[in-house]
Amino acid sequence: MNKRRITAEITAIGGYVPEDRLTNEDLEKLVETSDKWITERTGIKERRILRDPLLATSDMAAFAVKKLLEDSRLPAEEVDCLILATSTPDQLLAPAASLVCEKAGLNNAWGFDLNAACSGFLYALSMGASLIESERYKKVIVIGADQMSAIVNYSDRNTCILFGDGAGAVLLEPSTAGIGVIDNLFKTDGKGVACLSVPAGGSLEPASTETLAAGRNYVQQDGRTVFKAAIKGMSDACLEIMERNNLTNQDVDWIIPHQANLRIINAVGNRLNFPLEKVKVNIQRYGNTTAATIPLCLWDFQDDFTAGDNILLTAFGAGFTWGSTYLKWGTLRHHNL
Ligand code: COA
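Residues numbered from 1 in each chain as written. Predicted model: local features only at pLDDT ≥ 70, side-chain atom pairs only at ≥ 80, totals over all residues. Heavy atoms only, no water.

> An account of the site of the ligand is needed here, citing residue identities and associated values.
By nearness alone, 21 residues border the ligand, and Thr-33, Arg-41, Gln-221, Arg-224 and Asn-261 come closest of all. Within the side chain of Arg-41, one N or O atom sits 2.6 Å away from an oxygen atom of the ligand. Against a free-state accessible area of 960 Å², the protein chains account for coverage of 76% of the ligand. Those elements that place two or more of their residues in the shell around the ligand are helix 2 (35–42) and helix 7 (223–244). Here the shell around the ligand gets four residues from one element, more than from any other, and that element is helix 7. For the shell around the ligand, the class distribution of residues is eight nonpolar, eight polar and five charged. Residue-level mapping places the shell around the ligand at the junction of two domains, with at least three residues from each of domain 1 (7–180) and domain 2 (182–336). (Near = heavy atom within 4 Å. Polar contact = N/O pair within 3.5 Å; in protein donor to acceptor, adjacent residues only side chain to side chain. Areas by Shrake-Rupley, 256 points an atom, 1.4 Å probe, with all protein chains shown as cover. Helix = DSSP H or I, 4+ residues; strand = E, 2+ residues; numbered from the N terminus. Nonpolar A, V, L, I, M, F, W, Y, C, P; charged D, E, K, R; others polar. Domains from an automatic or database assignment.)

Shown next as structure tokens:
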């Protein structure tokens with residue numbers, strides 16, 4: 001008899017967003033903009049900002065992990081591995097994942113950071129799923145967390161209206177019931193670096209008084225080019241993954257797109273011919289939290305999903321990096337408690 005394929009099921013979720021809100025009205029006092037312009041052009045009403053100078057990305061990630069462990073009543077020492085997708089680690093060296101393991105008490109876990117910008121959570125989810133499928137690990141936590149407020153210039157109206165801070169975490173465990181991460185499709189195009197990056201502060205242009213004065217330690221982007229590439233990248237990736245898994249848009253119960261701009265999300269939904277009720281959106285409350293948008297959607301909307309639901313996750317980000325993941329929903333641990 002054939003051995004059943006092992007897949008990686010999401011069995012617990014945790015999330016964290018800081019208490020402090022930065023509303024469109026607050027931004028009107030910082031730059032020349034308006035609530036009307038931001039709402040119409042992006043769909044964003046407010047973002048959460050981590051203001052405590054003693055806290056950073058690893059703290060938000062650790063809060064999300066602690067919530068996950070608490071809700072699922074999973075002892076921290078049972079976790080084998082932690083993968084943290086982030087573009088805003090606490091420090092350039094060492095990995096923020098080490099700090100998360102320490103702060104969340106994951107004493108038996110090894111961990112590492114993964115940087116694929118806004119696609120980071122999906123890339124990390126596929127790495128975590130591979131570790132489970134290898135049958136060497138039984139409990140892997142995958143996190144998307146970013147403190148975008150640390151790299152955003154609050155005098156640049158082209159970028160400061162878009163981003164917020166937050167973290168979301170999922171637990172992966174083995175399934176033999178065909179539940180969990182079924183397929184992934186990823187792409188990378190390095191030509192995109194010219195359109196979206198933080199140019200300085202890395203090895204090419206180490207931070208200096210000159211780079212700081214020129215604002216090169218902050219996010220810079222060609223918004224219009226990124227906008228078009230994001231719509232095409234996410235919708236093409238969804239169509240390709242649906243085709244190779246023999247899924248029609250009737251078979252897909254939910255689509256969870258990266259939350260960068262409501263107009264991008266709606267354009268992707270329209271291209272795929274999905275009714276908007278199937279497309280999950282929380283951008284109005286958090287803005288673009290980079291690697292955290294998709295796990296924060298899973299966290300916010302978890303009660304809407306039922307076992308067996310077909311869910312498409314799709315992301316696009318700096319790099320360019322993009323892709324899609326086909327997920328079959330299972331049962332969260334806390335539903336069995
Ligand atoms: N408030 C008011 N006006 C603004 C503004 C703001 N916050 N930001 C830009 N504008 C102005 C521009 O200066 C421009 O004025 P001009 O015509 O006089 O030059 C005008 O609004 C239109 O600018 P444009 O860049 O064409 O707007 P847009 O419709 O493309 O929206 C973004 C801009 C950034 C919201 C949009 O391009 C976008 O979301 N891009 C993708 C960004 C993204 O997702 N990045 C992360 C990748 S995951």
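> Hey, could you go over the packing of aromatic side chains for me, with residue numbers and the actual values?
A full pass over the atoms with the stated rule returns eight aromatic pairs. By the ring-pair criterion, three or more aromatic residues cluster together here, those being Trp-110, Phe-112 and Tyr-137. (Phe/Tyr/Trp six-rings, centres within 6.5 Å; stacked < 30°, edge-to-face > 60°.)

> Tell me about the sheet that holds strand 4 (residues 81–85), and name the residues and values.
If you trace the five strands from one edge of the open sheet to the other, you get 1-7-6-4-5, paired in mixed fashion. Two strands bound the open sheet, and with one partner strand each, they are strand 1 (7–16) and strand 5 (110–114). Across the sheet, the mean angle from the axis of one strand to that of its neighbour is 20°, orientation sign disregarded. Alignment of strand 1 against strand 7 (residues 165–175), held across nine bridges, turns out to be antiparallel. In the sheet register, Glu-9 faces strand 7, and the bridge partner there is Glu-173. Lying over the sheet, helix 5 (residues 120–133) contacts strand 1, strand 4, strand 5, strand 6 (140–147) and strand 7, oriented at roughly 165° with respect to strand 6. (Pairing = 2+ DSSP bridges. Axes fitted to C-alpha atoms, helices over the stretch in contact; angles between N-to-C directions. Contact = heavy atoms within 4.5 Å.)

> Describe in detail unusual backbone geometry, supporting the description with residues and values.
Cis geometry is found at the peptide bond from Leu-93 to Ala-94, where omega equals 20°. Examined against the element boundaries, Ala-94 turns out to sit in the loop between strand 4 and helix 4 (96–104). The omega torsion across Gly-319 and Phe-320 is -15°, close enough to zero to call that bond cis. Phi is positive for Ala-117, close to 50°, though the residue is something other than glycine. Tracing the chain through its elements places Ala-117 in the loop between strand 5 and helix 5.

> Can you explain helix 3 (residues 57–72)? Please cite residues and give values.
An ideal rise of 1.5 Å per residue puts 22 Å on 16 residues; helix 3 measures up with 23 Å between its terminal C-alpha atoms. Looking at helix 3, one finds that the buried residues are Thr-57, Ser-58, Asp-59, Met-60, Ala-61, Ala-62, Ala-64, Val-65, Leu-68, Leu-69 and Ser-72. Each element contacted by the buried residues of helix 3 is listed here: strand 1, strand 4, helix 4, strand 6 and strand 7. Positive phi appears at Arg-73, one or two residues downstream of helix 3, with a value of about 50°. (Expected span 1.5 Å × (residues − 1). Buried < 20%, exposed > 50% of the residue type's maximum accessible area, 1.4 Å probe, protein only.)

> Talk me through helix 5; I want residue IDs and the actual numbers.
Between the first and last C-alpha of helix 5 there are 20 Å, a value that for 14 residues agrees with the 20 Å anticipated at 1.5 Å per step. Counting buried positions along helix 5 gives eleven out of 14 residues, so the element sits mostly inside the fold. By the burial criterion, the buried members of helix 5 are Gly-120, Phe-121, Leu-122, Tyr-123, Ala-124, Leu-125, Ser-126, Gly-128, Ala-129, Leu-131 and Ile-132. Looking at the residues trailing helix 5, positive phi occurs at Glu-135, about 70°.

> Tell me about the side chain of Ser-119, and name the residues and values.
Within the fold, Ser-119 resides in the loop between strand 5 and helix 5. Relative accessible area serves as the criterion here: at 1%, Ser-119 is assigned to the buried category.

> Go over the pattern of salt bridges, please, and point to the residues and values.
Enumeration according to the criterion identifies 15 salt bridges in this entry. We note a salt bridge from Lys-139 to Glu-78, for which the minimum N-O separation is 3.7 Å. Of the two residues, Lys-139 sits in the loop between helix 5 and strand 6 while Glu-78 sits in the loop between helix 3 and strand 4, which places them 61 residues apart along the sequence. Exposure remark for Lys-139: the relative accessible area of 13% places this residue in the buried category. Take Glu-78: its relative accessible area is 37%, and that puts it in the partly exposed class. Each of Glu-78, Lys-139, Glu-173 and Arg-333 takes part in one network of salt bridges that share partners. (Salt bridge = Lys/Arg side-chain N within 4 Å of Asp/Glu carboxyl O.)

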